[in-house]
Amino acid sequence: MRYWLMKSEPASFSLDTLKACPKKTTMWDGVRNYQARNFLRDEFERGDLAFFYHSSCEEPGIVGIVEVVKEAYPDPTALDPENHHYDPREKAEAPRWFVVDVKLKRALKRTIGLAELKTHEALAGMRLLATGNRLSVMPVSAEEWRYILALE
DNA sequence: GCCAACGTTGGC
DNA sequence: GCCAACGTTGGC
């Protein structure tokens with residue numbers, strides 16, 4: 001079982017949005033980056049845990065923990081011309097984009113902010129903190145996971 | 001709103 | 001296969 005970090009802009013999908021979903025479960029759609037896609041498609045397994053991260057907002061940071069409850073399947077939004085994430089190149093018989101289902105395990109007691117994460121030497125190697133990192137789905141090591149949760 | 005960093009596209 | 005142009009991400 002592995003650990004991950006998944007970014008979402010709260011203006012479009014926040015922790016509260018997830019809380020309000022039936023069974024607190026959602027299809028994690030709209031990933032349109034190959035590296036992130038490869039993680040979702042090839043490496044995400046049922047039972048994996050991920051930090052839910054708020055980006056592009058007042059206080060970017062980790063706000064919750066989600067669990068992978070369904071492994072990769074084709075992203076239906078890629079085939080839907082009405083959808084913001086529509087990709088005209090997508091073919092149902094040879095899907096390019098994938099989703100997983102995640103369920104909210106719990107909200108953190110507080111936001112562990114990006115600025116705070118940056119102050120910890122132990123986290124200096126985190127992918128999230130690498131300059132220019134734009135991946136919306138990325139692995140977190142077990143050591144980083146434990147360390148961050150201890151900050152809560 | 002700015003802009004650095006990066007991924008993707010497309011001409012050659 | 002190179003690389004310039006372009007679009008996007010995301011912190012500030």
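These lines cover the structure that appears in this document, whether it is placed above or below. (Residues numbered from 1 in each chain as written. Chains lettered and ligands numbered in written order. Predicted model: local features only at pLDDT ≥ 70, side-chain atom pairs only at ≥ 80, totals over all residues. Heavy atoms only, no water.)

Topic: the protein's contact with DNA strand C
Just so we agree on the cut-off: If even one non-hydrogen atom of a residue comes within 4 Å of a molecule or strand, that residue is called near it. For this analysis, a polar contact is any N or O atom pair within 3.5 Å, provided that within protein one partner can donate a hydrogen and the other can accept it, and provided that sequence-adjacent residues contribute only side-chain to side-chain pairs. Charged means Asp, Glu, Lys or Arg here, nonpolar means Ala, Val, Leu, Ile, Met, Phe, Trp, Tyr, Cys or Pro, and polar covers whatever is left, Gly included.
All residues in the neighbourhood of DNA strand C are listed as Lys7, Tyr53, Ser55, Ser56, Pro60, Leu114, Lys118, Arg134 and Leu135. Counted by atom, the contact set of DNA strand C within 4 Å of the protein is 78% sugar and phosphate. Lys7 has a polar side-chain atom sitting 2.9 Å from a phosphate oxygen of DNA strand C. The separation between a phosphate oxygen of DNA strand C and a polar main-chain atom of Arg134 is 3.1 Å. The residue inventory of the surface near DNA strand C, partitioned by class, reads four nonpolar, two polar and three charged.

Structural notes on helix α4 (residues 142–151)
Which entries qualify depends on this criterion: For every residue, the accessible area (1.4 Å probe, protein chains only) is compared with the maximum for its type, and the residue is labelled buried under 20%, exposed over 50%, or partly exposed between those bounds. Only DSSP runs of H or I covering at least 4 residues are called helices, and only runs of E covering at least 2 are called strands; the numbering of each starts at the N terminus. Throughout, the arc means that of the directions going from the helix axis to the C-beta atoms. The contact definition used throughout considers only heavy atoms, calling two residues in contact when any of these lie within 4.5 Å.
Here α4 has its buried residues at Glu144, Trp145, Ile148 and Leu151. When α4 is viewed along its axis, its buried side chains cluster within an angular range of 120° and face the same direction. Across from the buried face of α4, at angles greater than 90 degrees, the exposed residues are Glu143, Arg146 and Ala150. The inward-facing, buried residues of α4 abut β1 (3–8), β3 (49–54), β4 (61–74), β5 (98–113), α3 (114–118) and β6 (137–140).

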